[in-house]
Amino acid sequence: HSLRQLYWDGRFYRDDYRGIAAYIQATSTTQDAILINAPAQIETFDYYYHGPLTEYPLPQERPLNRERTVQTLQEMVAQHSRIYAVFWATDESDPERLIETWLDQRCFKALDSWFGNVRLVVYAAPQREATAIAQPTDCQFGPSIHLRGYTLLTPDLRSGDIAQLTLFWEAAEPVVGRYKVFTHMVDGRGNIVGQRDSEPGGGARPTTIWQVGELIADNYGLPIQAGSPPGEHVLRIGLYDQNTGARLPITQNGQPVGDALDLARLTIGSASSPPPASALDMQHEDRICWEGLCLIGHSLHRLGYEHLQGVVLEPGQTARLTLYWRREGGEPTTDHFTAALTDRANRTVVWEQPIQLTGGLFPLTSWRDGEVVRDMQQLPLPTDLRPGTYRLTLRASNETTRRSLGDMTIR
């Protein structure tokens with residue numbers, strides 16, 4: 001019994017190389033590469049990863065040879081689109097953080113996540129170097145931080161791509177607090193389909209060490225969620241206190257504009273090929289089909305708390321239901337459905353809400369055969385809903401059968 005728990009229960013996992021390998025396998029292309037920091041990892045990593053990507057073990061010696069390491073990094077970034085960096089035991093292999101600092105300053109960090117005691121950091125290699133401001137701005141964040149402009153190296157984006165954004169900051173006086181930058185890609189319904197939060201410089205240039213008058217070039221890789229519907233999106237940024245979460249107020253051309261700044265409007269296209277299911281971060285896999293349309297999975301969270309595992313909702317709160325659709329078979333007959341909560345004992349409906357796929361912004365007539373679409377819906381729950389466990393169902397507008405998506409707990 002204990003061995004079974006050790007091998008298969010995720011609560012007992014330590015360094016999750018299996019998870020790292022699975023993520024790389026699901027999201028990478030043949031143009032990408034893997035950096036193995038601390039070369040002794042490579043045997044462990046290759047036990048789980050059997051893909052085609054080139055692996056770079058760096059540093060190749062201890063103590064680190066700076067010139068040789070930088071040369072390898074330059075070659076790697078020049079030859080590949082994305083770098084999947086697996087960091088472990090960096091205090092021993094790279095105590096000065098040469099490798100990570102070099103990548104932070106020259107590439108666009110899109111992910112920084114722990115898998116047990118191992119970090120996976122994903123970088124987008126620059127399409128070209130952003131050495132100058134392409135779009136000047138006159139914006140002030142709080143009393144002393146100025147955004148002098150920005151450069152977007154990836155104006156033509158598709159679902160699953162990484163937007164490459166450089167922000168150019170300047171401090172008019174010493175900055176007392178440490179602030180994080182948030183970068184959001186927001187669709188036409190207000191859904192965040194891409195997000196990256198970080199201290200400037202990938203964490204290497206916190207605001208407290210900025211020199212007055214110094215121009216800070218600050219790179220962000222903004223991953224667009226796989227399956228995001230195509231259409232017009234807004235690139236939005238802001239600054240917030242890393243301790244309190246309070247955002248800095250913004251003025252633009254001397255006028256207050258709130259606590260978030262819309263930098264640009266961008267049109268995001270469909271992916272050239274459908275993403276694999278493993279790239280969709282679905283909580284639950286489904287196989288529920290209607291004419292011309294299949295629901296392949298769904299996720300359920302409390303709105304604004306998508307980063308938390310599990311979901312327990314209260315009356316009056318709003319649930320975020322993400323539906324993952326695939327176009328297949330004949331012609332779809334409807335894009336209108338009804339989400340409902342039913343009593344599990346007597347199967348009576350206690351609450352329901354009509355929904356339209358993608359809010360109608362990406363009509364079914366535009367979906368290609370095999371296209372996978374991430375459809376985010378908001379479900380505001382009534383304030384008088386009694387605590388308990390309900391069955392969440394979905395019904396097409398042209399039928400009476402309710403299809404079960406599992407249980408929802410209200411406390």
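Residues numbered from 1 in each chain as written. Predicted model: local features only at pLDDT ≥ 70, side-chain atom pairs only at ≥ 80, totals over all residues. Heavy atoms only, no water.

Q: Can you explain the sheet that holds strand β18 (residues 293-302)? Please cite residues and give values.
A: Strand order in the open sheet formed by four strands is β17-β18-β19-β22, with antiparallel pairing between adjacent strands. If you trace the sheet from one side to the other, it starts and ends with β17 (284-290) and β22 (372-380), each paired once. Along the sheet, successive strands turn relative to each other by an average axial angle of 30°, direction set aside. As defined by bridge partners, strand β19 (residues 318-327) adjoins β22 across nine bridges and the pair is classed as antiparallel. Across the sheet, the residue bridging to Arg320 is Gln378, located in β22. (Pairing = 2+ DSSP bridges. Helix = DSSP H or I, 4+ residues; strand = E, 2+ residues; numbered from the N terminus. Axes fitted to C-alpha atoms, helices over the stretch in contact; angles between N-to-C directions.)

Q: Could you give me a rundown of a nonpolar patch on the surface, with the residues and numbers involved?
A: Together, Leu3, Leu6, Tyr7, Trp8 and Phe12 give the surface a local cluster of nonpolar side chains, amounting to about 620 Å² of exposed area. Residue position: Leu6 is located in helix α1 (residues 2-8). (Patch = residues over 30% accessible without salt bridge, like charges linked within 9 Å, V, L, I, M, F, W, Y side chains within 5 Å. Areas by Shrake-Rupley, 256 points an atom, 1.4 Å probe, with all protein chains shown as cover. Salt bridge = Lys/Arg side-chain N within 4 Å of Asp/Glu carboxyl O.)

Q: Lay out the state of the cysteines with the relevant residues and their values.
A: Counted by the stated rule, this structure contains one disulfide. Disulfide partner of Cys289: Cys294, at an S-S distance of 1.9 Å. As the torsion about the S-S bond is roughly 100°, the Cys289-Cys294 disulfide counts as right-handed. The class for Cys289 is partly exposed, based on a relative accessible area of 32%. (Disulfide = S-S within 2.5 Å. Buried < 20%, exposed > 50% of the residue type's maximum accessible area, 1.4 Å probe, protein only.)

Q: Account for the environment of Ala277, with residues named and values stated.
A: Here Ala277 is to be found in the loop between β16 (261-269) and β17. Each C-alpha atom, one on Ala277 and one on Leu73, is 32 Å from the other, the two residues being 204 residues apart in sequence.

Q: Please set out the packing of helix α4 (residues 66-79) against helix α6 (residues 98-106) residue by residue, giving values where relevant.
A: Describing two packed helices takes the angle between their axes plus the distance from one axis to the other. The contact between α4 and α6 brings their axes to 11 Å, and the two run at 40°. Here α4 is positioned oblique relative to α6, judged by the angle of their axes. The two elements α4 and α6 cross, and the hand of that crossing is right-handed. Contact with α4, carried on its side by Arg66, Thr69, Val70, Leu73, Gln74, Met76 and Val77, involves Leu98, Ile99, Trp102 and Leu103 of α6 and no other residues of that element. Tallied by class, the residues present in the contact of α4 with α6 amount to eight nonpolar, two polar and one charged. (Parallel < 35°, antiparallel > 145°, perpendicular 65-115°, else oblique. Left-handed = near helix turned anticlockwise from the far one by under 90°. Contact = heavy atoms within 4.5 Å. Nonpolar A, V, L, I, M, F, W, Y, C, P; charged D, E, K, R; others polar.)

Q: Got a sec to walk through unusual backbone geometry? Specific residues and values, please.
A: Trans is the prevailing form of peptide bonds, just as negative phi is the prevailing case for residues other than glycine. That bond from Leu58 to Pro59 is cis: its omega, -5°, falls within 30 degrees of zero. Along the chain, Pro59 turns up in the loop between β2 (54-58) and α4. Of note, the bond from Arg62 into Pro63 is cis; its omega dihedral lies within 30 degrees of zero at 0°. Relative to the helices and strands, Pro63 resides in the loop between β2 and α4. Not every positive phi belongs to a glycine, and Arg97 is a case in point at roughly 60°.

Q: Go over helix α2 (residues 17-27) with me, naming the residues and quoting the values.
A: By the burial criterion, the buried members of α2 are Tyr17, Gly19, Ile20, Ala21, Ile24 and Ala26. Here the buried face of α2 lies against β1 (33-37), α3 (42-48), β3 (82-87), β4 (108-115) and β5 (118-124).

Q: Residues and numbers for the sheet that holds β2, please.
A: Strand order in the open sheet formed by five strands is β2-β1-β3-β5-β4, and the pairing between neighbours is mixed. If you trace the sheet from one side to the other, it starts and ends with β2 and β4, each paired once. The average angle at which neighbouring strand axes cross in this sheet is 20°, direction not considered. Across four bridges, β1 lies against β3 in parallel orientation. Its bridge partner being in β3, Ile34 is matched across the sheet by Tyr84. Of the strands in this sheet, β1, β2 and β3 are in contact with α4, which crosses β2 at around 160°.

Q: Describe the pairing of strand β6 (residues 135-141), and please don't skip the residues or the numbers.
A: Bridge count for β6 against strand β7 (residues 145-152) is five bridges, and the pairing is antiparallel. The partner of Cys139 across the bridge, within β7, is Leu147. In this antiparallel pair of consecutive strands, β6 and β7, the connection spans three residues, and Gly142 shows a positive phi of 65°.

Q: A description of the nonpolar core should follow, citing residues and the corresponding values.
A: Residues Phe141, Leu167, Trp169, Met185 and Leu263 are the most contacted members of the largest nonpolar core, which totals 33 residues. Of all the secondary-structure elements, those providing two or more residues to this core are β6, β7, β9 (162-171), β10 (179-186), β12 (215-223), β13 (231-241) and β16. In contact with Leu263, not counting residues within four places along its chain, are Leu147, Tyr150, Leu165, Leu167, Leu235 and Ile237. Grouped together as the second largest cluster of nonpolar side chains are 30 residues, Ala319, Trp351, Leu379 and Met408 included. (Core = buried A, V, L, I, M, F, W, Y, C linked by side-chain atoms within 4.5 Å.)

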